[in-house]
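# Structural features, examined
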Amino acid sequence: MRKLGLVILSFISIISVAKAQLVVDTAKAKAPVTQATVDSVIARPPGRTLDKIAAIVGNSPILQSDIELSYAQYLTQGMAPNPDVKCRILQSLLTQKLLAQQAIIDSVEVKDDEVDNSVDRRMREMIQRAGGQDKLEAYLGRSIIQFKDEIRPDMKEQLVAQRMQQKITEKLNVTPLDVKKYFDKLPKDSLPSFNKEVEVGEIVFQPKLSKEEKDIYRQKAEELRDRIVKKGEDFGTLARLYSQDPGSAPEGGDAGFGDRQTWVKEFTANAFRLKAGEYSPVFEAPDYGFFFLQVIERRGEQVHVRHILIMPIITEASLDRAKGKADSAYNLLIKNKTIDFSAAANFYSDNKETKYNGGMMLNAENVQVRSTYIPMDKLDPKVALVVDTMKVGSISQPTLFTGADGKSSYKILYLKSATDAHKANLEQDFAKLKDYAFEIKTNKTISDWFDKRRKETFIKIDKQYQECDILKKWIMPATTTTAQVK
């Protein structure tokens, strides 16, 4: 395909989070969390200390423990041992320190609420991975509040470094002449090849149950709630037997701690209006089904809940109704021609991700630039099968599709454009070539910035890392400064 410049900066997870994630992953594997367990993962030789200085950037030290614990996280993700990874980890930490220090000089800052939001997001991920706040706190050996205070400085530095990198490249752009120069320099016998690409629109008709059909499932949830609240049956037992939430049912319905961003709005509204020990009424979350929950504990803006979910089953009648709506829309598009595809998608489609985009699907691998050009091999295979039989500009008849989640819906597809597989050329691929040219320019700008700042900044690297090829540029010549940490 294509080969562009090296990616200059690749941020790794902050070190304190890496340590916690190691503990979480180890604990989830049912292994006891002991120092011996941690040591075995990071393969620490006997007598070797983790707390020596691996490098210094300006006035900021990087500890060996920073590197070892990030490497431990790398291993717990199932990756094969590779000492070279430690070189890459150190490079990432060096770049982060250098950017953060320049950010102070350039008055580049991040707001406290940005840092708080990033810390909160990381905590939610870790709590979910651990299986609840109590479990995570047990694994960490301290409260979530304490741990958030510990990782906050590292998270802030990471965000500041990211903001500094954005500043370095914020004024970059590429002109049509730049794109042409980039293309002209490409060897003509090795031009990148592009697969067949299409622009596809969709109007989605999801089957919806009537009130009478829904009431069957609401009543089932009400009966389970009565068995717990009025008859005193065990919540955990009934959750294991009847709840259809695969994540919490095996845990007796226990969903752990969460904040106001953890769950869907209907669930959150009920969870945060109750006191500890209270039960919610049965309520509906449209994309899931019928819930009722019990609050176990409140801790400030965190609430610990358990719940039971009853999910409605789509009926043949609801599918027939969805098909009827799809047929009506198709007639308006094709026979009556009283509405165009974009307007029909906006009015009829049940897919919130595409309906306000004229129904056009976005390339999942290029969402940042909202590209509608999608390689055929990246389309849903069932959608691709239909699209492959269509002519550009044509609209398909309503077709029943079943997604990876097992949910069925009817779709009307529109093939806006199709480009056959071909070698790159300026006429067809200007937008892609512009992206490539911009990426190369960005990489070069960042690389030049680092080359200059490395020469101006005091940097020491421990002799353990002197032989890392990836760090050669970071090692100061002996005439300038000592390249080893004493």
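Scroll up to find the structure.
Residues numbered from 1 in each chain as written. Predicted model: local features only at pLDDT ≥ 70, side-chain atom pairs only at ≥ 80, totals over all residues. Heavy atoms only, no water.

### Here's the deal with the packing of aromatic side chains
Tallied over the full model, the rule gives 14 aromatic pairs. With 6.1 Å between their ring centres and 75° between their planes, Phe 267 and Phe 283 make a pair best called edge-to-face. Taken as a pair, Phe 267 in helix α11 (residues 265-271) and Phe 283 in strand β6 (residues 283-285) lie far apart in primary sequence, 16 residues in all. Each member of the pair, Phe 267 together with Phe 283, is buried. In textbook terms, an aromatic cluster arises when at least three aromatic residues are bridged by ring pairs, as seen for Trp 263, Phe 267, Phe 283, Tyr 288 and Phe 291. Over the ring of Phe 401 we find Lys 411, and its NZ or CZ is 5.4 Å from the ring centre. When the ring centre of Tyr 373 is taken as reference, the NZ or CZ atom of Lys 432 above it lies at 5.9 Å. (Phe/Tyr/Trp six-rings, centres within 6.5 Å; stacked < 30°, edge-to-face > 60°. Helix = DSSP H or I, 4+ residues; strand = E, 2+ residues; numbered from the N terminus. Buried < 20%, exposed > 50% of the residue type's maximum accessible area, 1.4 Å probe, protein only. Lys NZ or Arg CZ within 6 Å of the ring centre and 35° of its normal.)

### Description of the packing of helix α8 (residues 176-185) against helix α15 (residues 426-456)
Between α8 and α15, whose axes approach to 9 Å, the crossing angle comes to 90°. One finds that α8 runs roughly perpendicular with respect to α15. In contact with Pro 176, Asp 178, Val 179, Lys 180, Tyr 182 and Phe 183 of α8, α15 contributes Leu 426, Phe 430, Leu 433, Lys 434, Tyr 436, Ala 437, Ile 440 and Lys 441. Along the lines of polarity and charge, the residues of the contact of α8 with α15 split into 10 nonpolar, no polar and 4 charged. (Axes fitted to C-alpha atoms, helices over the stretch in contact; angles between N-to-C directions. Parallel < 35°, antiparallel > 145°, perpendicular 65-115°, else oblique. Contact = heavy atoms within 4.5 Å. Nonpolar A, V, L, I, M, F, W, Y, C, P; charged D, E, K, R; others polar.)

### Quick look at helix α7 (residues 144-169)
With 26 residues, α7 should cover 38 Å at 1.5 Å per step; its first-to-last C-alpha distance of 36 Å lies within 8% of that length. Of all bends in α7, the biggest is about 40°, found at Arg 152, and the proline Pro 153 comes one to four residues later. (Expected span 1.5 Å × (residues − 1). Bend = angle between axes of the 7 residues up to and from the residue.)

### Examining the pattern of salt bridges
In a structure, side chains of opposite charge can pair up when their charged atoms sit close to one another. Overall, the coordinates contain 29 salt bridges when judged by the stated rule. Of the charged contacts in the structure, one is a salt bridge between Arg 321 and Glu 213, with a shortest N-O distance of 2.7 Å. One end of the pair, Arg 321, is in helix α12 (residues 316-334); the other, Glu 213, is in helix α9 (residues 211-229), with 108 residues separating them in the sequence. You can call Glu 213 buried: its relative accessible area is 16%. When the shortest N-O distance is used, the salt bridge between Glu 284 and Lys 214 registers 3.0 Å. One end of the pair, Glu 284, is in strand β6; the other, Lys 214, is in helix α9, with 70 residues separating them in the sequence. Taking relative accessible area as the criterion, Glu 284 reaches 26% and is therefore assigned partly exposed. In this structure Lys 214 comes out as partly exposed when scored by relative accessible area, which is 26%. What emerges from the salt-bridge pattern is a single network uniting Asp 112, Asp 116 and Arg 152. (Salt bridge = Lys/Arg side-chain N within 4 Å of Asp/Glu carboxyl O.)

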